[in-house]
Amino acid sequence: MTNDDDIQGLDADPLDWRTAQAVRAATGLEIADFARAVGVSRRTVNRWEQPAELTRGTRCTGTARVLMVLIARNPSARAALIQEATT
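Throughout, a residue's number is its position along its own chain's written sequence, starting from 1. pLDDT decides what is reported in this predicted model: residues at 70 or higher carry local features, side-chain atom pairs at 80 or more are listed and counted, and totals for whole chains, interfaces and linings draw on all residues regardless. Side-chain metrics rest on all non-hydrogen atoms present in the structure, leaving aside hydrogens and water.

### Things to note about the side chain of Glu 49
Next up, step 1: Of note, Glu 49 is situated in the loop between helix H3 (42-48) and helix H4 (62-73).
Next up, step 2: Take Glu 49: its relative accessible area is 4%, and that puts it in the buried class.
Next up, step 3: Aside from chain neighbours lying at most four places away, what touches Glu 49 is Trp 17, Ala 20, Gln 21, Arg 24 and Ile 31. Under the DSSP-based scheme used, a helix requires at least four consecutive residues in state H or I and a strand at least two consecutive residues in state E, with every element numbered from the N terminus. Each residue is placed in one exposure class: buried if its accessible area under a 1.4 Å probe, protein chains only, is under 20% of its type's maximum, exposed if it is over 50%, and partly exposed if it falls in between. Here, residues are in contact when the closest pair of their heavy atoms is within 4.5 Å.

Now the structure itself:
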């Protein structure tokens, strides 16, 4: 796992696809497990992690962005997410 100092772009709105990818990677979870833990479809996470021109503009904004920043900046939130995904 990494800490938020290693993840660039957390202050951007919307999150860049590289940042969304880095947040998920920091959890060590596969896309399907991450999606299940945060309550979205695998397709949604895939779209967050692709350049907007490939996904017709789907971006990580609003509540999803807040959740991703929380996961990146809060080790206990990250640990809870990992536990949720693996139980």
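### Thoughts on the packing of helix H1 (residues 17-27) against H4
Next up, step 1: With their axes 10 Å apart at the nearest point, H1 and H4 run at an angle of 45 degrees to one another. Our classification of the angle between H1 and H4 gives oblique. Classified by chirality, the crossing of H4 by H1 is left-handed. Residues Ala 20, Val 23 and Thr 27 of H1 lie in contact with H4, whose contacting residues are Met 68, Ile 71 and Ala 72.
Next up, step 2: Of the residues assigned to the contact of H1 with H4, the class counts are five nonpolar, one polar and no charged. Under this scheme, a helix contributes an axis fitted over its contacting stretch, all axes are lines through C-alpha atoms, and angles between N-to-C directions fall in the 0 to 180 degree range. What sets the label is the angle itself: under 35 degrees gives roughly parallel, over 145 gives roughly antiparallel, 65 to 115 gives roughly perpendicular, and the rest give oblique. Each crossing is labelled by how the near helix is turned from the far one, with a counterclockwise turn of less than a right angle marking it left-handed and a clockwise turn marking it right-handed. Polar here means any residue outside two lists: the nonpolar Ala, Val, Leu, Ile, Met, Phe, Trp, Tyr, Cys and Pro, and the charged Asp, Glu, Lys and Arg; Gly therefore counts as polar.

### Section: the nonpolar core
Next up, step 1: Counting residues in hydrophobic clusters, the biggest one holds 23 residues, and the most contacted among them are Val 23, Phe 34, Trp 48, Met 68 and Leu 81.
Next up, step 2: Within the residue set of this core, elements represented by two or more residues are H1, helix H2 (31-38), H3, H4 and helix H5 (75-86).
Next up, step 3: Apart from the residues lying within four places of it in its own chain, the contact partners of Met 68 are Leu 15, Ala 20, Val 23, Phe 34, Trp 48 and Cys 60. Residues enter a nonpolar core if they are buried and are Ala, Val, Leu, Ile, Met, Phe, Trp, Tyr or Cys, with the set joined through side-chain atoms within 4.5 Å.

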